[in-house]
Amino acid sequence: MPEFVDVAQVDSVPPGTATVVTAKGIELALVNVNGDFHAVDNECTHLGGYLGEGEINPDWSEWAIECPLHASVFDLRTGEVLSAPATQPVRTYPVKVEEGVVKVSVD
């Protein structure tokens, strides 16, 4: 059974925003899509831009995060590349919310 660790308070990541969190030494981008939280590797697979500093790109979908470095776009639900220059997906992680705390499993 995966172990979930606390990474943020729900109210510290407003809807429509991303932030950088750490779980068991792994840096993640935590994104709030209308109250639905998603976690992916913080590092873009193209040239290492920080996805936690990116923005949701509604031109692709409400679950699309755009890398601030070279504008690669990834689906937060699957990690799939939606727009180049990245060609490799980012890893996604299970997320749950309990009692106002966002928890992520990196196992």
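The written sequence of each chain sets the order in which its residues are numbered from 1. Note on the predicted model: pLDDT of at least 70 is required for a residue's local features to be given, and 80 or more for side-chain atom pairs to be given and counted; whole-chain, interface and lining totals, by contrast, use all residues. Each side-chain value is derived from all of the structure's non-hydrogen atoms; neither hydrogens nor water enter the calculation.

Sorry, what's going on with the sheet that holds strand β6 (residues 64-66) here?
When DSSP finds at least two bridges between two strands, those strands are taken to pair. Where helices and strands are cited, they refer to DSSP runs of H or I of at least four residues and of E of at least two residues respectively, numbered from the N terminus. One open sheet holds the 4 strands; their spatial order is β5-β6-β7-β8, and the pairing between them is antiparallel. What marks the edges here is a single partner per strand, and that holds for β5 (55-56) and β8 (81-83). Where strand β7 (residues 73-75) lies against β8, 2 bridges are found, and the strand directions are antiparallel. Bridging across to β8, V73 finds its partner in S83.

So what exactly am I meant to see when it comes to the packing of aromatic side chains here?
What characterises a pair of aromatic rings is the spacing of the ring centres plus the angle enclosed by the ring planes. Side-chain rings of Phe, Tyr and Trp, where Trp is taken by its six-membered ring, are said to pair if the distance between their centres is within 6.5 Å; with planes under 30 degrees apart they count as stacked, over 60 as edge-to-face, and otherwise as tilted. Overall, the coordinates contain 0 aromatic pairs when judged by the stated rule. For a lysine, the NZ atom is tested; for an arginine, the CZ atom; a charge sits over a ring if that atom is within 6 Å of the ring centre and within 35 degrees of the ring normal. One Lys or Arg, K96, reaches over the ring of F4 and ends 4.5 Å from the middle of that ring.

How should I be thinking about the environment of A23 in this particular structure?
Mapped onto the elements of the fold, A23 is located in strand β2 (residues 18-23). The buried label goes to any residue with under 20% of its type's maximum accessible area, the exposed label to any with over 50%, and the partly exposed label to all in between, with areas taken from a 1.4 Å probe on protein chains only. A23 gets classed as buried once you look at its relative accessible area, which sits at 0%. Taking the C-alpha atoms as reference points, A23 and S105, 82 residues apart in sequence, are found 7.7 Å from one another. Working rule for contacts: check all heavy atoms of both residues, and any pair within 4.5 Å makes them a contact. Beyond its immediate sequence surroundings of up to four residues, A23 is in contact with V5, V7, L28 and V106.

Can you help me understand the nonpolar core in this one?
The definition of a nonpolar core used throughout is a set of buried Ala, Val, Leu, Ile, Met, Phe, Trp, Tyr and Cys residues joined through side-chain atoms within 4.5 Å. Among the nonpolar cores identified, the biggest contains 14 residues, and V7, A8, L28, L30 and V104 are the most heavily contacted of them. Of all elements in the fold, only β1 (4-9), β2, β3 (26-33), β4 (36-41) and β11 (101-105) reach the threshold of two or more residues within this core. Residues C44, I65, C67 and L76 belong to the second largest nonpolar core, which totals 13 residues.

Is there a simple way to explain the sheet that holds β11 in this structure?
The strands that make up a sheet pair up through hydrogen bonds in the backbone, lying either parallel or antiparallel. The 3 strands lie next to each other as β1-β11-β10, forming an open sheet whose pairing is antiparallel. Because the sheet does not close on itself, it has two edges, and the strands there are β1 and β10 (95-98). On average, each strand axis in the sheet is tilted by 35° relative to the strand beside it, whichever way the strands run. Direction of pairing for β10 relative to β11: antiparallel, over a ladder of 4 bridges. Looking at β11, one finds that V97 is bridged to V102. Every angle, taken between N-to-C directions, lies between 0 and 180 degrees, and every axis is a line fitted to C-alpha atoms, over only the stretch in contact when it is a helix.

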